[in-house]
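# A look at the structure
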Amino acid sequence: MTTMLPDGPVRVASGGTVRNSAGAVVRAQSFPEWKRLISESFVPLETAPAGIHPEASFAGQLTSHQLRELAIVQVDAMAHAVRRTPELISAGGSGFYKLNLQLSGSGVLRQGGRETVLTTGELAIYDTGEPYTLRFDESFSTLVLMFPKHLVGLSADQMRGLTAIPLGKEHRLGRAVVPFLTQTARMLPELDGPIAHRLAMNTVDLLATLLADEAYSSPAAEGGSQTRMLHRIQLFIDGQLSNPDLSPGYVAAAHYISTRSLHKLFEDSGTTAAAWIRERRLAGARHDLADPLLADVPISAIGARWGLPDPAHFSRIFRAAHGCSPTAYRRRT
């Protein structure tokens, strides 16, 4: 069966139903069965045995939790490899990032010309819109968090440098994220739907903080003075989204530069200051509209919370960005 999410499909394998609080367990007892199962459960993938004969006995299990905009799946399986090819990408499912937390065993993730070894306690993120391979040469257990790209709050260029790098036990924030994510996965089956959703979204927020730390502080991200200035301005904007006066002119004045200079900074990054502000505000509003614990909060109040106090303007730009009104989006999620 296929469960439709706001940004595209996350598939739940036939024979199991993903529920908000309890989750579903689906097992495969042969490799052909696993090939079908693994491709149906995430995005289309090529799957091949690793270290076993194709006809040999194979066992694998997926324990899935669907939480509105995201899915958490524990994968327990024998050795195998998966590959996301350009042809499969064109078939759909490119609007997500996937995070792997290795629970036992080890594997190798390759994407964007980089390679990282996934040992127990290691985190790594990858983009379903770009080719990648994952190979496990022994039986393993891994936790996969799959979520829409807009939840991260970083540009595609920034994220491109963050895939297939180690972010877990040796990273200063990864040391906090790994145990939190592990405990969250263990707790989800015991929680009610809305609380489970909020906890999972908090996990994504924590992950986004880790990624922002890596994007803004790594030597590769230092760049020149222009790059550092752009990063500071983006962080400033994130802290001012609720301010209805936030605008390119406001941002430029706060940083003692001309509006023209501000536009040049963003132009070099492939967007505009106004578009960045609008996208970050809409991402925040979209986050709140999908939160079941905020279902009784008026849509106008959600817009105002993110610096969009005019309901008609909020509805218009939301529809332009997402193809439906805020009200329809809330009903859909």
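Summarised in this report is the structure supplied together with it. Since this is a predicted model, take the numbers as computed values, not measurements.

What follows is about the overall build of the protein. Each helix and strand counted, the protein has 13 helices and 13 strands in total. Looking at the protein as a whole, 53% of its 333 residues are labelled buried. Look at the contacts in the protein between residues 6 or more apart in sequence, and 71% of them connect residues 24 or more apart. Accessible surface for the protein amounts to roughly 14,500 Å². Of this, 53% is attributable to carbon and sulfur atoms.

With that settled, consider the packing of aromatic side chains. Applying the stated rule across the entire model yields nine aromatic pairs. A centroid spacing of 4.6 Å and a plane angle of 65° characterise the contact between Y126 and Y132, whose relative ring orientation is edge-to-face. Aromatic pair F318 and Y329: ring centres 5.5 Å apart, planes at 65°, arrangement edge-to-face. Of this pair, F318 sits in helix α12 (residues 311-322) while Y329 sits in helix α13 (residues 326-332), and the two are 11 residues apart along the sequence. Pair check on accessibility: F318 and Y329 agree, each one buried. An aromatic cluster of three or more residues is present, and its members are F31, W34 and F58. Residue placement shows K98 over the ring face of F42; its charged tip is 4.2 Å from the ring centre.

The next thing to look at is the sheet that holds strand β11 (residues 123-127). Spatially, β3-β5-β6-β13-β8-β11 is the arrangement adopted by the six strands of the open sheet, whose pairing is antiparallel. Sheet topology places β3 (24-28) and β11 at the edges, where each strand pairs with a single neighbour. Neighbour-to-neighbour, the strand axes of the sheet open up by a mean angle of 20°, direction not taken into account. Bridging between β3 and strand β5 (residues 60-67) involves five bridges; their strand directions are antiparallel. Across the sheet, A24 pairs through a bridge with S64, a residue of β5. The sheet contacts of helix α4 (residues 174-187) involve β8 (96-104), β11 and β13 (140-148), and relative to β8 the element is tilted by about 90°.

Attention now moves to the nonpolar core. By size, the foremost hydrophobic cluster in this structure holds 32 residues, and its most contacted members are L70, L123, I125, F147, L154 and L211. Counting residues per element, the ones that place at least two in this core are β6 (70-77), β8, β11, β13, α4 and α5 (193-217). Counting residues per element, this core draws most heavily on α5, which supplies 10 residues. Apart from residues lying up to four places away in sequence, L211 is in contact with I125, V152, L154, M159, L162 and L167.

The tally for this structure, following the rule as stated, stands at nine salt bridges. Put simply, E40 and R36 hold a salt bridge, and the shortest N to O gap is 3.1 Å. You can see E40 and its partner R36 sitting in helix α1 (residues 31-41), four residues apart, about one turn around the helix. Given a relative accessible area of 36%, R36 falls into the partly exposed group.

Viewed as axis vectors pointing N to C, helix α10 (residues 273-289) and α12 meet at an angle of 90°, and their least axial separation amounts to 11 Å. One finds that α10 runs roughly perpendicular with respect to α12. In this structure, α10 contributes R278, L282, A285, R286 and L289 to the contact, and α12 contributes F314, I317, F318, A321 and H322. A per-class count over the contact of α10 with α12 returns seven nonpolar, one polar and two charged.

This part is about the sheet that holds strand β10 (residues 114-118). Pairing is antiparallel in the open sheet, where five strands are placed in the order β4-β7-β12-β9-β10. Bordering the open sheet on either side are β4 (46-49) and β10, each of which pairs with just one other strand. The sheet shows a mean angle of 15° between the axes of neighbouring strands, direction not considered. Here β4 runs beside strand β7 (residues 80-84); their pairing, made up of four bridges, is antiparallel. Bridge pairing in β7 links E46 to R83. Most of the contacts of α1 go to β4, to which it runs at about 150°, and overall it touches β4 and β7.

About the criteria used
Residues numbered from 1 in each chain as written. Predicted model: local features only at pLDDT ≥ 70, side-chain atom pairs only at ≥ 80, totals over all residues. Heavy atoms only, no water. Helix = DSSP H or I, 4+ residues; strand = E, 2+ residues; numbered from the N terminus. Buried < 20%, exposed > 50% of the residue type's maximum accessible area, 1.4 Å probe, protein only. Contact = heavy atoms within 4.5 Å. Areas by Shrake-Rupley, 256 points an atom, 1.4 Å probe, with all protein chains shown as cover. Phe/Tyr/Trp six-rings, centres within 6.5 Å; stacked < 30°, edge-to-face > 60°. Lys NZ or Arg CZ within 6 Å of the ring centre and 35° of its normal. Pairing = 2+ DSSP bridges. Axes fitted to C-alpha atoms, helices over the stretch in contact; angles between N-to-C directions. Core = buried A, V, L, I, M, F, W, Y, C linked by side-chain atoms within 4.5 Å. Salt bridge = Lys/Arg side-chain N within 4 Å of Asp/Glu carboxyl O. Parallel < 35°, antiparallel > 145°, perpendicular 65-115°, else oblique. Nonpolar A, V, L, I, M, F, W, Y, C, P; charged D, E, K, R; others polar.

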